[in-house]
Amino acid sequence: MLKNILKIFIGVLVILSVLIVPFIISKAEIKKIVKPDLKNVKYWLYQVKKLEEKNSITKLVSSHYDLLVVDNVRSLKGQDKYKSKMDVDLLKNSQNSSRGKKIVVCYLNVGEAENYRYYYWKDDWKAGNPKWIIGKDPQGRAGSFLVKFWKDDWKDLLKEYIDRIVEDNYDGICFDYLKAYASVPVAEAAAKEGKDSRLEIFKFVRDLRSHALSKKSNLLILSQNAAELGEFTSHIE
């Protein structure tokens, strides 16, 4: 008799768990599970300058783009009070080309340090100080410096940067300048330490990706340039 009652009680608990649990998952929790879908992206825009200017965000809100890759304005020197999250929320809730919602991805240069970034750059930094800053960008991009990207100090700064990107509610991150691994000064610096810069870039991206997804499991991770790395599948998890 007691066994039968116990079986019935357990059965009721199972039924209740099936019926009730789906309804107590919040919208925020669902968003953490569902990753934005890229298969329907037809039109996309890349804009990393002048986002703080008047009407810049308004124009993007009214645009037809399905995917936007934009900079994080509050990461810039002199813009630390800027409300980037407000911009992101406006963009994410605006219509795309198919009357759905836009996907908003944050630009992040992981292959170079930029001296206009409030998040990490110190006034006394230059080539050789800290030691992991190799030198100025070989293509002459103002304010950009090649780095020993495999160094923990640089990775730690980027992880803090990623945390702020997640705070601002972007759908994803676009890692820029992975091609840095092939730059002669970078490859030579790696070789002096007994490292292969190509192998190090895989470990580097894997580490950053793991950190980003630990903060937001449905975060999109995109990359720009260095498409040739896709051929070396033995290094990809």
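Structure first, text after, so check above.
About the criteria used
Residues numbered from 1 in each chain as written. Predicted model: local features only at pLDDT ≥ 70, side-chain atom pairs only at ≥ 80, totals over all residues. Heavy atoms only, no water. Helix = DSSP H or I, 4+ residues; strand = E, 2+ residues; numbered from the N terminus. Buried < 20%, exposed > 50% of the residue type's maximum accessible area, 1.4 Å probe, protein only. Contact = heavy atoms within 4.5 Å. Areas by Shrake-Rupley, 256 points an atom, 1.4 Å probe, with all protein chains shown as cover. 1 Å grid on protein atoms, 1.4 Å probe; cavity = no way out; pocket = protein on both sides within 12 Å on 5 of 7 lines; lining within 4 Å. Points joined across faces, edges and corners; volume = space filled by probe spheres on them. Nonpolar A, V, L, I, M, F, W, Y, C, P; charged D, E, K, R; others polar. Arc of directions from axis to C-beta. Expected span 1.5 Å × (residues − 1). Salt bridge = Lys/Arg side-chain N within 4 Å of Asp/Glu carboxyl O. Pairing = 2+ DSSP bridges. Axes fitted to C-alpha atoms, helices over the stretch in contact; angles between N-to-C directions. Core = buried A, V, L, I, M, F, W, Y, C linked by side-chain atoms within 4.5 Å.

Describing the overall build of the protein
The helix and strand inventory of the protein stands at 7 helices and 8 strands. Out of the 237 residues in the protein, the part that is buried amounts to 40%. For the protein, the share of sequence-separated contacts (at least 6 apart) that also reach a separation of at least 24 residues comes to 74%. Per element, the accessible surface of the protein, about 14100 Å² overall, is 56% carbon and sulfur.

Re the environment of Tyr 46
For Tyr 46, the location among the structural elements is in strand 1 (residues 44–47). Tyr 46 sits in the partly exposed class, given a relative accessible area of 32%. Taking the C-alpha atoms as reference points, Tyr 46 and Leu 67, separated by 21 residues in sequence, lie 8.7 Å from one another.

A short note on empty space enclosed by the protein
Under the definition given, this model contains 1 cavity of 30 Å³ or more. For the largest cavity, the calculated volume is near 60 Å³. Along its surface, the largest cavity is lined by Leu 51, Ile 57, Val 70, Asp 71, Val 73, Tyr 82, Ser 84, Asp 87, Val 88, Leu 91, Val 104 and Tyr 170. Of the residues contributing to the lining of the largest cavity, the split by class is 9 nonpolar, 1 polar and 2 charged.

Describing helix 4 (residues 84–92)
Inspection of helix 4 places Ser 84, Asp 87, Val 88, Leu 91 and Lys 92 among the buried residues, and these make up the whole buried set. The buried residues of helix 4 occupy an angular sector of 125° when projected down its axis, which confines them to one face. Its buried side turned inward, helix 4 meets helix 3 (56–61), strand 2 (67–70) and strand 3 (103–109).

Here we look at the side chain of Ser 63
Along the chain, Ser 63 turns up in the loop between helix 3 and strand 2. In contact with Ser 63, other than residues within four places in its own chain, are Gln 95 and Lys 102.

Quick word on helix 5 (residues 152–167)
Here helix 5 contains 16 residues, and its C-alpha end-to-end distance of 23 Å stays within 8% of the 22 Å for a straight helix at 1.5 Å per residue. Buried within helix 5 are the following residues: Trp 154, Lys 155, Leu 157, Leu 158, Lys 159, Tyr 161, Ile 162, Ile 165 and Val 166. Residues of helix 5 that are buried sit in contact with strand 3, strand 4 (112–114), strand 6 (144–147), strand 7 (172–176) and helix 7 (197–215). After helix 5 finishes, the residue Asn 169 shows a positive phi value of roughly 70°.

Looking at the pattern of salt bridges
What the rule picks out here adds up to 17 salt bridges. Among the ionic pairs, Arg 117 bridges to Asp 71, the shortest N-O distance being 3.1 Å. Here Arg 117, found in the loop between strand 4 and strand 5 (133–136), pairs with Asp 71, found in the loop between strand 2 and helix 4; they are 46 residues apart in sequence, far enough to count as distant. Looking at Arg 117, the relative accessible area reads 1%, which means it is buried. Residue class for Asp 71 comes out buried when judged on its relative accessible area of 5%. Here Arg 141 and Glu 112 are joined by a salt bridge, their closest N and O atoms 3.6 Å apart. Of the two residues, Arg 141 sits in the loop between strand 5 and strand 6 while Glu 112 sits in strand 4, which places them 29 residues apart along the sequence. Of the residues examined, Glu 112 reaches a relative accessible area of 1% and is grouped as buried. One connected set of salt bridges, linked through shared partners, spans Asp 152, Lys 155, Lys 159 and Asp 207.

Brief notes about the sheet that holds strand 4
Across a sheet, strands are paired by hydrogen bonds formed along the backbone, either parallel or antiparallel in direction. Here 3 strands make up an open sheet; going across it, the order is 4-6-5 and the pairing antiparallel. Each end of this open sheet is capped by a strand with a single partner; those strands are strand 4 and strand 5. The average angle at which neighbouring strand axes cross in this sheet is 35°, direction not considered. Relative to strand 6, strand 4 runs antiparallel, the two being bridged by 3 bridges. In the sheet register, Glu 112 faces strand 6, and the bridge partner there is Leu 146.

Considerations on the nonpolar core
Judged by nonpolar contacts, the single largest core of 50 residues is most densely connected at Leu 108, Tyr 120, Phe 149 and Trp 154. In terms of residue count, the dominant contributor to this core is helix 5 (7 residues). Not counting residues within four places of it along the chain, the set of residues in contact with Trp 154 comprises Asn 109, Val 110, Glu 112, Ala 113, Tyr 120, Trp 132, Val 147, Lys 148, Phe 149 and Phe 204.

Everything listed here is a matter of geometry and, on its own, says nothing about what the molecule does.
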